[in-house]
Amino acid sequence: MSTWDAIVIGAGMGGLVTASQLAQRGAKVLVLEKYLIPGGSAGYFERSGYRFDVGASMIFGFGTQGTTNLLTRALAAVDEKLTTIPDPVQVHYHLPGDQQLRVHRDYGEFISELTQLFPQEKKGIRRFYDECWRVFNCLNSMELLSLEEPRYLLRIFAQKPLACLGLAAYLPWNVGTIARKHIRDPELLNFIDLECYIWSVVPANQTPMINAGMVFSDRHYGGINYPKGGVGQIAQKLADGLAKYGGEIHYQSRVNRIITAQGKAVGVECANGQIHHAKRIISNATRWDTFGHLLPDIPRSEQRWRKWYKPSPSFLSLHLGVRASAIPPGTDCHHVVLNDWAQMEAPYQTLFVSIPTLLDPDLAPEGYHIVHAFTPCWLADWEHLNPREYEQKKEALAGQVIERLLALFPRLDADLDYMEVGTPRTHRRFLGRIQGTYGPMPRRPLPGLLTMPFNRTSIPGLYCVGDSTFPGQGLNAVAFSGFACAHRVATDLGF
Ligand SMILES: Cc1cc2nc3c(=O)[nH]c(=O)nc-3n(C[C@H](O)[C@H](O)[C@H](O)COP(=O)(O)OP(=O)(O)OC[C@H]3O[C@@H](n4cnc5c(N)ncnc54)[C@H](O)[C@@H]3O)c2cc1C
């Protein structure tokens, strides 16, 4: 039995930013992580000399200026820093009809390449993406903390009234409405859908404009930067920083239950029977894994949220090691392949490909590359299979993905050295996420971000952090959620 100021359930990026921020403010913090290492969806694993990123590898938030560089800031707060490698192209799109497009780090270069594909929409393209910049410039001019803290809101409004009003105006809007204000061409609108889908897993009419303002502008401002040593280094450094400030992480510590007393969250019970008490409990598990699992009840506010949002699909992931000759010179790090606009949201259709060794060759043995190819699909498709059926299905679908990769990298099959296939079952098991989900997706078009909950919950003493809280999925977004959560908890604890 021990008492902490705060216990964080889970050492994902949201949990680690919260914990390290709280520790840095002087709170006594314990993080309980069920897995062997920190990072969750931003973790890594090593096989046969390759260091694979579990999921994320297109990293926002490592810029050097402004306020939206939240990964840089989270590390600096605990005296940590990572060497990062700038990626000159955020993503290389392989679009239906054999069209290709690169989203260059340089904004002008990207706009000019897109305009060459849609010359009749020259003005609309510029107006739409410039409107995204307006959102970003508001965000990037203010310190990003808890919107549940009234004194912060008053201070920030006094300091930056125009930026606050600008953001408030965009809060209820989705990208689709803004895009259709400027753009008519149906194929270009399809492309804007894909621009949203690759990180929000929903089309533009369901993607909040605030998130799009961040993504569509920061890729040209702070840029996409890959951490030297792999994405797992971010979590590792945050964990080191947390320890420096007196925090503790216990690995292989699965929390089974949040303990309440008189309706207030006061502690947790781990699978090994250990009980820990704290003044505040913070769950980095998804809201679905928190309410109804860690806590038996699903409060009314959570039932309402579930009517608005459902778990998005998971992924079929191929982690490949290939001889360097498989990757032609000049290849970009990140690719998105779609053969038919109408199939964008269908399972196994939109294909994501990352080759992080093009930025950091040390992740693979000399003369080899890592290729991570993944495509959305549902857990339901992988359940109720016996072990033999499961292996056969993995093999068959991995074969289909390789077939599609051959169109990009014709020598890939011949140069294949290592392959590991992950399914929604793998994501569920190792990441502890319901249905192996990537995160929440709106069930229907909602008013922008207005329906996304902040960190406090209706259970006193219990907070949520991570991708099922404002502002949603992605490493920089969950870092935002972590800053906000730590701010709210620290204020409640009097730090
Ligand atoms: C395939 C894939 C590709 C992606 N690509 C990108 C990308 O390129 N760029 C980007 O920015 N984002 C990307 N993302 C999204 C990004 O990785 C996530 O949004 C983000 O990492 C989620 O962080 P989190 O802290 O909310 O949760 P998680 O990463 O899920 O962390 C939660 C942690 O809590 C632990 N946990 C859960 N339950 C318990 C329990 N009961 N007891 C103890 N511990 C528990 C888990 O083990 C985990 O470590 C990708 C995600 C995937 C899956």
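Residues numbered from 1 in each chain as written. Predicted model: local features only at pLDDT ≥ 70, side-chain atom pairs only at ≥ 80, totals over all residues.

## Re helix α10 (residues 232-244)
What counts here: A run of DSSP states H or I qualifies as a helix once it reaches four residues; a run of E qualifies as a strand once it reaches two. Both are numbered from the N-terminal end. Given the number of residues in a helix, its expected span is that number minus one, multiplied by 1.5 Å. In this scheme the burial state of a residue depends on its C-beta neighbours within 10 Å: 20 or more other such atoms mean buried, 12 or fewer mean exposed, and anything in between means partly exposed; the C-beta positions come from the backbone.
Across its 13 residues, α10 extends 19 Å between first and last C-alpha, which sits within 8% of the 18 Å expected from 1.5 Å per residue. Turning to α10, its buried residues are Gly232, Gln233, Ile234, Ala235, Gln236, Lys237, Leu238, Ala239, Gly241 and Leu242. Positive phi shows up at Gly246, right after α10, with a value of about 90 degrees.

## Overview of unusual backbone geometry
What you tend to see is this: most non-glycine residues have negative phi, and most peptide bonds are trans. Cis geometry marks the peptide bond from Phe470 to Pro471; its omega dihedral reads 5 degrees. Along the chain, Pro471 falls in the loop between β20 (462-464) and α15 (475-493). Phi angles above zero are rare outside glycine, and Val201 is one such case at about 55 degrees. Topologically, Val201 is positioned in the loop between α8 (186-200) and α9 (209-221). Exposure remark for Val201: the 20 C-beta atoms within 10 Å place this residue in the buried category. We note that Gln435 has phi near 55 degrees; this positive angle belongs to a residue other than glycine. The buried category is assigned to Gln435, around which 20 C-beta atoms lie within 10 Å.

## Some words on the UniProt feature "domain: Amine oxidase" (unreviewed entry) in the protein chain
Convention followed: UniProt positions are given in the numbering used here, feature names are shortened, and annotations may be inferred rather than shown by experiment.
Following the UniProt record, one finds the feature "domain: Amine oxidase" (unreviewed entry) at residues 13-489. The annotated region residues 13-489 carries 37% helix and 22% strand content, and the separation between its end C-alpha atoms amounts to 17 Å.

## Examining α9
Over its 13 residues, α9 runs 18 Å from end to end, which matches the ideal 18 Å to within 8%, given 1.5 Å per residue. With twelve of 13 residues buried, α9 is to be regarded as a mostly interior element. Looking only at α9, the buried set comprises Met209, Ile210, Asn211, Ala212, Gly213, Met214, Val215, Phe216, Ser217, Asp218, Arg219 and His220. A positive backbone phi angle near 85 degrees is found at Gly223, which sits one or two residues after α9.

## Notes on the site of the ligand
What counts, and what does not: Using the backbone to place each C-beta atom, any residue with that atom within 6 Å of a molecule or strand is considered near it. Amino acids are sorted into nonpolar (Ala, Val, Leu, Ile, Met, Phe, Trp, Tyr, Cys and Pro), charged (Asp, Glu, Lys and Arg) and polar (every other residue, Gly among them). Note that domain bounds follow an automatic or database assignment of domains.
Inspection of the region around the ligand gives 39 residues, with Gly10, Gly12, Gly40, Gly55 and Gly466 positioned closest. For the shell around the ligand, the secondary-structure elements that each account for two or more residues are α1 (13-24), β14 (314-323) and α15. Among the elements that make up the shell around the ligand, the one with the highest residue count is α1 (three residues). Of the residues that constitute the shell around the ligand, the class distribution is 18 nonpolar, 15 polar and six charged. Split by domain, the shell around the ligand shows at least three residues from each of two domains, domain 1 (3-42 + 59-83 + 227-310 + 440-493) and domain 3 (313-434).

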